[in-house]
Structures are given as C-alpha cells and as structure tokens.
Amino acid sequence: VHRLLQLTNSNEQTIMNATIQHLLLFISSVLLVCTISAEVLCPGLPSEAFCDCEGDCLGLPHFCSCSEAQECCQDAPMVVHCPGNLQEDYCDCDGDCSAEPTFCGCAEAQTCCEGKQTAVLIDAFEKIQDVTDESMFSFLDFMLSFFRDWFSGDRMM
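Report on the accompanying structure.

Across its full length, the chain carries eight helices and zero strands. Its helices and strands in sequence order give the chain the pattern α-α-α-α-α-α-α-α, from N to C terminus. Counting the 157 residues in the chain, one finds 28% classified as buried. Sequence separation of 24 or more characterises 34% of the internal contacts of the chain that already satisfy a separation of 6 or more. When the accessible surface of the chain is totalled, it reaches about 10,200 Å², and 55% of it is carbon and sulfur.

Take the nonpolar core next. One recurring pattern in soluble globular proteins is that nonpolar side chains are buried together. Grouped together as the largest cluster of nonpolar side chains are 14 residues, with contacts concentrated most on Val-40, Cys-51, Cys-64 and Ala-69. The contacts of Ala-69, once residues within four sequence positions are left out, are Val-40, Cys-42, Cys-51 and Cys-64. Cys-93, Phe-103, Cys-104 and Cys-106 belong to the second largest nonpolar core, which has eleven residues in total.

Let's shift gears to the environment of Gly-84. Residue position: Gly-84 is located in the loop between helix H4 (67–72) and helix H5 (96–99). Residue class for Gly-84 comes out exposed when judged on its relative accessible area of 82%. Sequence-wise, Gly-84 and Cys-106 are 22 residues apart; in three dimensions their C-alpha atoms are separated by 9.7 Å.

Relative to the elements of secondary structure, Cys-53 occurs in the loop between helix H2 (10–34) and helix H3 (55–59). Discounting chain neighbours no more than four positions away, the residues touching Cys-53 are Ala-38, Glu-39, Val-40, Cys-72, Cys-73 and Ala-76.

Moving on: the state of the cysteines. Any covalent bond linking the sulfur atoms of two cysteines counts as a disulfide. Under the counting rule described, the total for this entry stands at eight disulfides. Disulfide pairing places Cys-57 opposite Cys-73 at an S-S distance of 1.9 Å. Looking along the S-S bond of the Cys-57-Cys-73 disulfide, the torsion reads about -75°, which is the left-handed sense. Taken together, the residues span a long stretch of sequence, with Cys-57 in helix H3 and Cys-73 in the loop between H4 and H5 at a distance of 16 residues. The buried category is assigned to Cys-73, whose relative accessible area is 13%.

What follows deals with the side chain of Asp-96. Secondary-structure assignment places Asp-96 in helix H5. According to the relative accessible area criterion, Asp-96 is buried, its value standing at 13%.

Attention shifts here to the side chain of Asp-56. In this structure, Asp-56 sits in helix H3. Classification of Asp-56 as buried rests on a relative accessible area of 7%. Here Asp-56 is in contact with Phe-50, Cys-51, Pro-61, Phe-63, Cys-64 and Tyr-90, once residues within four sequence places are set aside.

Positionally, Ala-69 belongs in helix H4. Expressed as a C-alpha distance, the spacing of Ala-69 and Cys-42, which sit 27 residues apart in the sequence, is 7.1 Å.

Cut-offs used in this document
- Residues numbered from 1 in each chain as written.
- Predicted model: local features only at pLDDT ≥ 70, side-chain atom pairs only at ≥ 80, totals over all residues.
- Heavy atoms only, no water.
- Helix = DSSP H or I, 4+ residues; strand = E, 2+ residues; numbered from the N terminus.
- Buried < 20%, exposed > 50% of the residue type's maximum accessible area, 1.4 Å probe, protein only.
- Contact = heavy atoms within 4.5 Å.
- Areas by Shrake-Rupley, 256 points an atom, 1.4 Å probe, with all protein chains shown as cover.
- Core = buried A, V, L, I, M, F, W, Y, C linked by side-chain atoms within 4.5 Å.
- Disulfide = S-S within 2.5 Å.

Shown next as structure tokens:
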C-alpha cells in the first residue's frame, strides 16, 4: 500500500487517484449489474417489508411468511442474530461481515464470517474480470494479486 501511495511526482499521483476513482465507480457499476436478487412482497405487508429471499428468510421470517416467499427461501443462506442487536440487524455471514461489522460482532457470527472479507473482494474482482474488456485485464490482475497478498498478510511495504 505504501508503494502505491508514495508516488514520486504529482502527475503519477493524479493519474493514480483518477484511476482509483474510476475503478471504484466501475466496480460499483458492475456489481450493481451483476447482483440480481429476488424479492417477494407477501400480501398485507407494507412495501418496505419485502422478503429478499436470502437473509430475511431466517433473519426476518415474518417478511417471508407467504407461500411464494417460502418457495424462494428454500436455499436461503444461514444468518446469525448476535445478542444485543435488533432483529433486523442480523449478520448474513456474507456481505455484512465487511459492510456491517457491528451486525457480526459475536463469536458465532465471527465464525461464519471467517475469510469472508477477503472472499468478498476477490469475488468482486473476479466478477469484474469476467465482464471487462482486455484493456483492463492487466490492471485488474494486479489489483486481484494485491488484495490476495494484502489479506493473506504479505503486505507491500
């Protein structure tokens, strides 16, 4: 990281900053396009109480009580309720591990989250590699290697 941030001249810094900003925008766009999730609104519930066919299946089961939601919940992932958290603040053992770490603070959630932070970033870069044109591959390969090294403890100094 220090090598990336300690560039020798302002042109390199400007280029790196612009590249990072564009990469983050690109990652967000690709992940938005790649993320397709099912949603079911059970009869009688307000629109914000939809079943997401994932974490809500176990985390907020009253959102998923109708037959259509029960069907979409058949392969729902595990969730963990940590003591002291609100019911809707369950740990989904996936994105919450890095995006909402306070949801995943208890020992059981930490166990289900082991390695997820690294996996989420690596998965994101691998998804991007699948849909990018060849001009981005070398940069993405570098970033993928960088994050793998970073999270494995082989940090650049």
